[in-house]
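Read off the chains here:
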Amino acid sequence: MLLSFALLLLITFLIVPLLPGDPAVVAAGEGATAEQIERTRESLGLDAPLLVQFAQYLRGVLTFDLGTSFATGTPVASVVFARLPFTAEIALIAICLTLLISVPLGTGAALLTRGGRRPGVDHVFNALTSFVFAVPNYVLATLLVYVFAIHLGWLPASGAATLSSLLLPTAAVMIGPACALARIVRREAASIFEEDYVRTARGWRLSTWHITSRYVLPSLLTTTLTLSGLILAGMLGGAVVVETVFSWPGLGTGIVQAITQRDYPVIRGIILLLGVLATLLILVVDIVLALVDPRTLDGEAA
């Protein structure tokens, strides 16, 4: 995690010196004279060597001073954290729904098709989940807007004025990852159903619910959580893209506006925050995995 943070800091720092154009010109504004541009460059510290600039950037990150927005003149931290709750709202709901839907769906599909039964169900499940997962989330978001907002008129197409505005963006973010995770769960559950201890439990005439909840799900959680950490972290990026389609006032819309305005400090701040959130999400999944399976902590069974 520390290595990830170090790389994230380096990459976000290099956004300003590597992007085409002169940040001092953008910060000084249109019609600025050469003298004004030079003063702006000095005030921003852009005339210092890169190592000095990097040290100043690290100090700013540690003190939550990410600079000032070129477009609005307000601190970047206030701009970023004002948009964070909107993105967090979508991402957290989508993550919870993805887990709540994919695990029962994948386990149910494995249960219905165990031992080679119902091959038609297996083919339909694999084809449908593969197809939905392959659809880019911005395309899926556009389709949801057309069907439920324009054609049926059930839900708002954009904005965050009402609670119902959450439904379409959340669905667009979680449908693809839920299908991907359901496929993983089905494959893992199918192999667990063929294990000797599960066969023995069936031989004891235990109910299917008891076998699944007592023996299958605990074994399934380890693999599911390990892979879901990567999938769920990727959902943050999906939320950023989807927000633009629905004009949701979160980090995604903010970074698009910042790119359009060449507001480099805001771009840097949003990317840094998204990277930190993705890394922390993977860490949380690892901690939950350790609590579920104590062998990951001490190397031996509990």
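Remember, predicted model here, so these are calculated numbers, not experimental data.

**Considering the environment of D65**
Next, step 1: Take D65: it is sitting in the loop between helix 4 (50-62) and helix 5 (76-113).
Next, step 2: Residue classification places D65 among the partly exposed residues on the basis of a relative accessible area of 48%.

**Remarks on the UniProt feature "transmembrane region" (unreviewed entry) in the chain**
Next, step 1: The UniProt record marks residues 90-112, 124-154, 166-185, 215-242 and 270-292 with the feature "transmembrane region" (unreviewed entry), using the residue numbering of this structure.
Next, step 2: Along residues 90-112 one finds 100% helix and 0% strand; the C-alpha atoms at either end are 32 Å apart.
Next, step 3: Helix and strand shares over residues 124-154 are 84% and 0% respectively, and the end C-alpha atoms of the span are 29 Å apart.

**Here we look at the nonpolar core**
Next, step 1: Core analysis: the largest hydrophobic core is formed by 25 residues, its most contacted members being I90, L168, A172, V173, M235, V242 and F246.
Next, step 2: For this core, the secondary-structure elements that each account for two or more residues are helix 5, helix 7 (137-151), helix 8 (167-193), helix 10 (208-246) and helix 12 (264-292).
Next, step 3: Ranked by residues supplied to this core, first place goes to helix 10 with 6 residues.
Next, step 4: Setting aside residues no more than four positions away along its own chain, V173 makes contact with I90, A94, M235, G238, A239 and V242.

**A look at the packing of helix 5 against helix 11 (residues 251-261)**
Next, step 1: Packing of helix 5 against helix 11 brings their axes to within 8 Å, and their N-to-C directions diverge by 135°. As the angle between them shows, helix 5 and helix 11 are arranged oblique. Listed contacts from helix 11 to V80, R83, L84 and T87 of helix 5 are L251, G252, T253, G254 and Q257.
Next, step 2: Residues belonging to the contact of helix 5 with helix 11 are distributed by class as follows: 3 nonpolar, 5 polar and 1 charged.

**Digging into helix 4**
Next, step 1: With 13 residues, helix 4 should cover 18 Å at 1.5 Å per step; its first-to-last C-alpha distance of 18 Å lies within 8% of that length.
Next, step 2: Just downstream of helix 4, F64 is the residue with a positive phi angle, here 60°.

Criteria and cut-off values
Residues numbered from 1 in each chain as written. Predicted model: local features only at pLDDT ≥ 70, side-chain atom pairs only at ≥ 80, totals over all residues. Heavy atoms only, no water. Helix = DSSP H or I, 4+ residues; strand = E, 2+ residues; numbered from the N terminus. Buried < 20%, exposed > 50% of the residue type's maximum accessible area, 1.4 Å probe, protein only. UniProt positions renumbered as here; feature names shortened; annotations may be inferred. Core = buried A, V, L, I, M, F, W, Y, C linked by side-chain atoms within 4.5 Å. Contact = heavy atoms within 4.5 Å. Axes fitted to C-alpha atoms, helices over the stretch in contact; angles between N-to-C directions. Parallel < 35°, antiparallel > 145°, perpendicular 65-115°, else oblique. Nonpolar A, V, L, I, M, F, W, Y, C, P; charged D, E, K, R; others polar. Expected span 1.5 Å × (residues − 1).

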